[in-house]
Amino acid sequence: MGSKLSIALLALAALTTVAHAQDKNSDVIARGEYLARAGDCTACHTAPEGRLFAGGRAMPTPFGTLYTSNITPDPEAGIGKWTADDFYRTMHSGRFPDGGLIYPAMPFASYTKVTRADSDAIFAYLRSIPPVNQKNRPHELRFPYDNRQLILGWRTLFFSEGEFKPDPTKSAEWNRGAYLVEGLGHCGMCHSPINALGGTSQSDAFKGGLIPMQNWYAPSLTSNREAGLGDWSMKDITDYLQTGVSKRGAVYGPMAEVVHNSLQYLNDEDTKAMAVYLKGIAEGSTPPPASSILPNTESSLLVSLGKTVYDKNCASCHGTQGEGKAPHWPPLANNQSIEMQSAVNPIRMVLNGGYPPGTKGNPMPYGMPPFAGLLSDNEVAAVVSYIRTAWGNRGSPVSAREANELRSAPLN
Amino acid sequence: MFARAAASAALVVTLAAFDGVAAQTANQPPDTMAARVEACTPCHGNKGEGTNDVYFPRLAGKPAGYLYNQLLAFRSGRRKYPPMNYLLEFLPDPYLEAMAEYFASEHPPLPQPAQTEVSKDVLAQGELLATSGDANRNIPACVSCHGPGLTGMQPGIPGLLGLRAPYISAQLGAWRYGTRTAKSPDCMQLVAGHLTEADVTAVAAWLATRPAPDNPAPVAKGTYALPFGCGSQPN
């Protein structure tokens, strides 16, 4: 009787241990999924209408087209034979298991900051998804960029390997935000200026730049003249990141993708941590005076035509004084996106319109119509010049040529 | 006395609540689908009734299942038109469904039939193909799937009325060349593959001259049997 009981107890204990191990394992997988979302892996590694993480998405670059790789656990086509060490090496050092160099379109210069534990969790999650037997498609890079040895040069100039080092003078929350923004979030891939060699120098981190190929301007995260969040409330920042809309403006262009695939899934604590960090890196810079390449007479003609265009086409939503009806119809007065030195984004919004992403917090967003077919180059330039200078906005007028050039910007 | 005090307190509370709601809505766009789809109106017109631009289709009154399939196809890039692909890229399924339902439930009057620029012979050829097909060339009649009144069938087969010849012609061309595709079996691709350019011109011209029927609503699912399988209209 006694022995039966102890066997039963032993069996129970064994079962509990297995159950614990499974629980622990499923916790790690769930954390890995969360972190994979924070890293927005799906944006590149899942093709439109393709299977999850099976790769094959074309990534046009100034150097040719890259095709993303299959990161499902398929042993032949995917990463089924990789170990957690292999995966960490990829994330941390930008090298394949055989030591081969990875093109820096994979943001390993950011992912290098990810901790070993987080890398392992992401790997555990990727091991748990359905394997897909879809072969990787070879890249189509032009000479001389098809030579992977060139990556060595890029790495020497722009890659510094190393996990995130917390700043002991800052709060735990600030450091968590920094870890997410600089690491998995890889915000610097777009928000730092990219030079002709496809790299970013450390001193230019988060200073903004035109995104190659996409022709959207990723504004500076440090200058309050651009997307610096120095004078935003915490709620406006977290609303913007989590729902895609806020009292200060809505996400659009490539940022809509980031909120849709990644940021909307982050929990309140992490979102707040990112907001604390982003607010913290904003420099309290005084805005430089607006400078325009246009002669004064041309500017004033544009602005007066612009008011006519605005009142007819825009005021019904954005208000006669640019006050909008936030968050769904964004205000244009005192809107950094409208006023910043680069006029690329406001011109493109007028031409292409757009919807903020549908998110848990804003599942049925309001959209802006594309005006490319309704307005001439002159009218586009005029209305953008008007909204950049009216109501106390401190932007500069733009020319019809600038408007015309962006008509051919790619839409996807 | 107590009852009166309670009643006035309740009234105050109600008024305050009402005020709050009024203030909120005054500063917010209308909470309607019409306001949410204003991004669509420059090309598709108010309520999806169409515009003067002959290349942009009317959406109003088409079956919701058809419209939803198109929204999904534009979102994924299967159906290629960059301005549409771009607008829909990050919108979730339930929202696209709501958009489809919205346009399907709108019934602004159909436009006047177009004045045609083609000859009587060409129109007659178009009518023959649309209403009888050409069995020798494996071309079914348009009406065999799109309905005797060309109003379409729920949930996935669109009506063909209220569209202009250049749009119909462009779409048939896209099916022929394989730049427009749909779920397998891709019935329209099979049909369009048998059409010549002259057929396309004739059919598009005749369809665009059709007057509005008394009841332009798509017929119910299963009203008639399709001549062959169609991925967009599951049985």
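Model, not experiment: these values are computed from the prediction. (Residues numbered from 1 in each chain as written. Chains lettered and ligands numbered in written order. Predicted model: local features only at pLDDT ≥ 70, side-chain atom pairs only at ≥ 80, totals over all residues.)

In terms of regular secondary structure, chain B is built from eleven helices and zero strands. Element order for chain B, N to C, with α for helix and β for strand: α-α-α-α-α-α-α-α-α-α-α. Every one of the 235 residues in chain B was classed for burial, and the buried ones make up 37%. Expressed as a percentage of contacts within chain B between residues at least 6 apart in sequence, the contacts between residues at least 24 apart total 70%. (Helix = DSSP H or I, 4+ residues; strand = E, 2+ residues; numbered from the N terminus. Buried ≥ 20, exposed ≤ 12 C-beta atoms within 10 Å, placed from the backbone. Contact = placed C-beta atoms within 7 Å.)

Here the focus is helix H11 (residues 268-281) of chain A. An α-helix turns once per 3.6 residues; consequently, residues spaced three or four apart project the same way. Residue and element names in this part refer to chain A. The end-to-end C-alpha separation of H11 is 20 Å, in line with the 20 Å expected for 14 residues at 1.5 Å each. Among all positions of H11, only Asp270, Thr271, Lys272, Ala273, Met274, Ala275, Val276, Tyr277 and Leu278 are buried. Lining the buried residues of H11 we find helix H7 (172-184) and helix H9 (234-243). (Expected span 1.5 Å × (residues − 1).)

By convention, interface size is frequently given as the accessible area that disappears when the constituent parts associate. Opposite the 24 residues of chain B that make contact, chain A presents 25 residues. Elements supplying a minimum of two residues to the side of chain B that touches chain A: helix H2 (33-36), helix H3 (41-44), helix H5 (82-88) and helix H6 (93-105) of chain B. The element best represented in the side of chain B that touches chain A is H5(B), accounting for five residues. Partitioned by chemical class, the residues of the side of chain B that touches chain A number 14 nonpolar, six polar and four charged. (Nonpolar A, V, L, I, M, F, W, Y, C, P; charged D, E, K, R; others polar.)

The next thing to look at is the sheet that holds strand S1 (residues 58-61) of chain A. Residues and elements named next belong to chain A. Spatially, S1-S2-S3 is the arrangement adopted by the three strands of the open sheet, whose pairing is antiparallel. Each of the sheet's edge strands pairs with one partner strand only, and the pair in question is S1 and strand S3 (140-141). Two elements, S1 and strand S2 (residues 64-67), share four bridges in a ladder whose sense is antiparallel. The partner of Pro60 across the bridge, within S2, is Thr65. (Pairing = 2+ DSSP bridges.)

A separate point is the environment of Asp86(A). In this structure, Asp86(A) sits in helix H3 (residues 84-93). Residues Asp86(A) and Thr271(A), 185 residues apart in the sequence, show an inter-C-alpha distance of 30 Å.

This paragraph deals with the domain arrangement of chain A. Residues and elements named next belong to chain A. One can read the domain layout of chain A as domain 1 (23-129), domain 2 (172-281) and domain 3 (296-408). Just the C-alpha atoms count here: the centres of domain 2 and domain 3 sit 22 Å apart. Listed as interface residues are 24 residues of domain 2 and, on the opposing side, 22 residues of domain 3. For the side of domain 2 that touches domain 3, the secondary-structure elements that each account for two or more residues are H9 and helix H10 (254-261). (Domains from an automatic or database assignment.)

Let's shift gears to the packing of helix H4 (residues 64-76) of chain B against H6(B). Packed helices, taken two at a time, are described by the angle between their axes plus the distance between the axes. Residue and element names in this part refer to chain B. Running from N to C, H4 and H6 point in directions that differ by 140°, and their axes come no closer than 8 Å. With respect to their mutual orientation, H4 and H6 come out oblique. Of the two elements, H4 crosses H6, and the hand of that crossing is right-handed. Touching Ala64, Leu67, Tyr68, Leu71, Leu72 and Arg75 of H4 are Leu96, Glu97, Met99, Ala100, Glu101, Phe103 and Ala104, all from H6. (Axes fitted to C-alpha atoms, helices over the stretch in contact; angles between N-to-C directions. Parallel < 35°, antiparallel > 145°, perpendicular 65-115°, else oblique. Left-handed = near helix turned anticlockwise from the far one by under 90°.)

Here we take up the nonpolar core. The biggest cluster of nonpolar side chains holds 109 residues, and the ones touching the most others in it are Ile347(A), Val383(A), Val384(A), Leu67(B) and Ala100(B). If we ignore the near neighbours within four places in the chain, the residues touching Val383(A) are Gly306(A), Val309(A), Tyr310(A), Cys314(A) and Val350(A). Core analysis: the second largest hydrophobic core is formed by 25 residues, Ile139(B), Leu150(B), Leu163(B) and Trp175(B) among them. (Core = buried A, V, L, I, M, F, W, Y, C linked by C-beta atoms within 7 Å.)

Residues and elements named next belong to chain B. Counting all residues, the mean pLDDT for chain B is 89, and 89% of those residues have values of 70 or more. Here residues 1-24 is a poorly scored stretch, pLDDT under 50, and it has zero contacts once near neighbours within four places are set aside; other chains count. With pTM at 0.89, the complex prediction returns an ipTM value of 0.89. (pLDDT = per-residue confidence, 0-100.)

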